[in-house]
Structure formats: C-alpha cells, structure tokens
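Each chain is listed here by its residues.
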Amino acid sequence: MQNIYPQYKPRLGTKRYKIGIVGAGDIVRNAHLPAYKKADFPVVGIYDIDIEKAKEAAKMFGLEKVYNSLESLLEDDEVEVVDIAVPAWVQKGIVSEVVKYGKHLLCQKPLASSYADAVDIVEMAEKAGVKLAVNQQMRWDPLIASCKDLIERGWIGEPYFINFQVSINTPFETWPWLVENDQYDLSYHSIHYFDAIRYMIGTPKYVYSSLSKYPGDTVRPETRSIVVFEYEDEKRALISTNHRNWSDDTYATLRIEGTDGIIKGTIGLLYNYPHGRPDTLEYCSRKYYPNQWFTHIIEDLWIPDAFIGTMGELQRSVEEDDTPLNSGRDNLETLQIVNAGYLSMIEKRAVSPQEIIDMKPKKPIPFSGA
C-alpha cells in the first residue's frame, strides 16, 4: 500500500556555497535571511543602495560584511552565489554585472518587468556559463510540495482540475511602489499560483483572464483577477483572487481533483501575512484507500521555510552540475502565461503562450491596456 504521508521537504545537496545578498528590504529580513540561518547556508555579506538598511540587516543576523557597492560584493572572492532581491525593473542591470564575475545567481521573481528583458537575463547567464535560478518559492511551500508528491505517486490518478480561491486584504502599504505600477496581481501575486500549477501539471495551451479593481479603488494596477488555464487534454485550472476583502471572512484555498482522488488545503501565510500559520492539507484516494480522508500535519511555513527550497535547489544544482528546477529558462514559461493573462484581458480572448514567445514584448503589458 502507498505511504499516506507526502514528502514536502526540499532536497538539498551536501555542500554549502557562500552567499552575497543584494537588497536589504522586508523580504530579505523576513524570509531570505531567516531561511538561510535555519538551513545553515553561509551568508558572507549584504549590499543595498541604502547603506543603513544593509547595516541594520547585517546587525540583525550577525553578518560580517556590509558592502558599500555592488562591485565590492562581486569582487569578494568569498562570495560564490549572489542572491538578488530587488524590484524587477532593476534586476537585469545587476545580473549583467554579476555574470561578468562568473558567480551563480538566485534572482527575485518576477524575473523582469518585460518578457524581452527576462529572455536577455537568461541568455546572459547561459552565455557566461553560470547557474541562474528564480525565487518562485511557492513550489517549496509545504502545501504545494505535498500536492506535487501526491500527484507524482499517483495518489489522485490523473489530475484534471486545479482551483486556487483567494480573497484577502493585502497590506499595500508594505509595497507603496506597487500601487503606482501598471501591473500587480498577475505579475507579483498570482504568478505564484501560475508557477505552482505549471510545476504540478505543466504549461497550459491557452490562458483567458478577466482583471479588475475594487469599486472606487485609487490604485493603478489590478487588484482582482479571474484566470482560466486550458490544456490540450481535459485538464483545466482556475485562479480567482481578490486583494480588497475588507471583511473578517478571508480565505486562501486550493483544491485539486483527479480521476482517483482529491487534495484540498489552505495557504496559511495568507491568513496572517507576513507571519502566517501552517498550511492545512487533506486528501483522499479511492485507488489506494477507498472512503478514507487523511489529514497531514504541516509544521513548516511558506515564509521562511520555502526559501530554503529555492536557494537549496540552486546550490544542489551547482554541486551536481545540472539544471535547477527553478531555472531561468524554466521560468520563462511562467512569464509567458503571466503576459498571456494581461494580453487576454486587453483583447478579450484566449491567448496562447506561444504568442508571447513570438511577440517578445519589450515592456510590461499594462493592466489598463493603454
């Protein structure tokens, strides 16, 4: 009989490569550095254009070095892996410098503001012969990693429907620059669900989306979305998000239906962001255990534990000299469906990711359609 307990811990290598961090914002303090400390990933030092923020982060986590420039970080022979945690529109310029020094990279998501820039980033790394991974860490969120394991072990048979339903009150004051952006939900939030669905069942053939804002909302980008993924076979996926739920009845759920079983759970981080709570997970399989539902107790959190997975996968790939699961080349497919979602909204039709490859947009496709 099948083992009823899914495996969600990341597979790590035996070596630990020394890390230099570019960026000292909230995500680095709340996720990157706590995760690396927990996993015993050595951090050499940190750089930020705001030197005081870098000093503060270094003091919080006992880092020995605070660099006064990106160049000084890159010239440090101790640094073997560069972890970039900056807004998408400045990432390409930093990558172009990092690859000159032959250092491996973990890039923030989204990889770039435009698809063309993302392609350039991937090609720069490939030409330099360095490993490039993207911090799509929801793949290592305990709920998603458990679902992936159950699917791969045939627990639910052939998965044919994935449904993310999220209605929360997002603290936009945490990222004031986002409310002035042309894009929000698909590029910075639902991109997690897009990438998780790709990770579990592959890239869709068509994307259809309807994007909107809360009535009377003054922010520029979309804060509500409904997106449908259609595959060549009978598989479908639905993502519905709302970032303006003002009530105390918020929710963030996932349900996966298969020919032989069902998986359902909650995304704990979104019930109490940024502190979060553990995910929940329930599943059944008429193939292995008819008429029984199982509950798996999850102790780890999306933040910070999933960030062990993204950096750990990059380090494992360096040690074993293969391609990381979250490679830049792989991530281009996630960006294709994100861009397809925006184009679908503008043109009111289903869009194939192949159209994005062909057009290779050189700037973000705006929510407004302007």
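Here, every reference points to the structure presented above.
Throughout what follows, the structure given in this document is the object of discussion.

Let's talk about the pairing of strand β12 (residues 261-266)
Stage number 1. Relative to β12, strand β11 (residues 251-258) runs antiparallel, the two sharing five bridges. Residue pairing in the sheet places R255 in a bridge with K264 of β12.
Stage number 2. Once β11 ends, the chain turns through two residues before running back antiparallel as β12.
Stage number 3. As paired strands, β12 and strand β13 (residues 280-285) are joined by six bridges and run antiparallel to one another. Pairing of I263 across the sheet is with Y283, part of β13.

Things to note about the packing of helix α8 (residues 191-201) against helix α10 (residues 328-347)
Stage number 1. Where α8 contacts α10, the two axes come as close as 10 Å, and the packing angle between them is 125 degrees. With respect to their mutual orientation, α8 and α10 come out oblique. Relative to α10, the crossing made by α8 is right-handed. Where α8 approaches α10, its residues I191, F194, D195 and R198 are matched on the opposing element by D330, N331, E333, T334, L335, I337 and V338.

Overview of the sheet that holds strand β6 (residues 132-134)
Stage number 1. The six strands are arranged β3-β2-β1-β4-β5-β6 in an open sheet whose pairing can be described as parallel. Each edge of the sheet is formed by a strand with only one pairing partner; in this case those strands are β3 (65-66) and β6.
Stage number 2. Summarising the sheet, strand β2 (residues 43-47) and β3 pair through two bridges and their orientation is parallel. Across the sheet, G45 pairs through a bridge with K65, a residue of β3.
Stage number 3. Where helix α9 (residues 306-320) meets the sheet, it contacts β1 (19-22), β4 (81-84), β5 (104-107) and β6, and its direction lies at approximately 160 degrees from that of β5.

About the thresholds
- Residues numbered from 1 in each chain as written.
- Predicted model: local features only at pLDDT ≥ 70, side-chain atom pairs only at ≥ 80, totals over all residues.
- Heavy atoms only, no water.
- Pairing = 2+ DSSP bridges.
- Helix = DSSP H or I, 4+ residues; strand = E, 2+ residues; numbered from the N terminus.
- Axes fitted to C-alpha atoms, helices over the stretch in contact; angles between N-to-C directions.
- Parallel < 35°, antiparallel > 145°, perpendicular 65-115°, else oblique.
- Left-handed = near helix turned anticlockwise from the far one by under 90°.
- Contact = heavy atoms within 4.5 Å.

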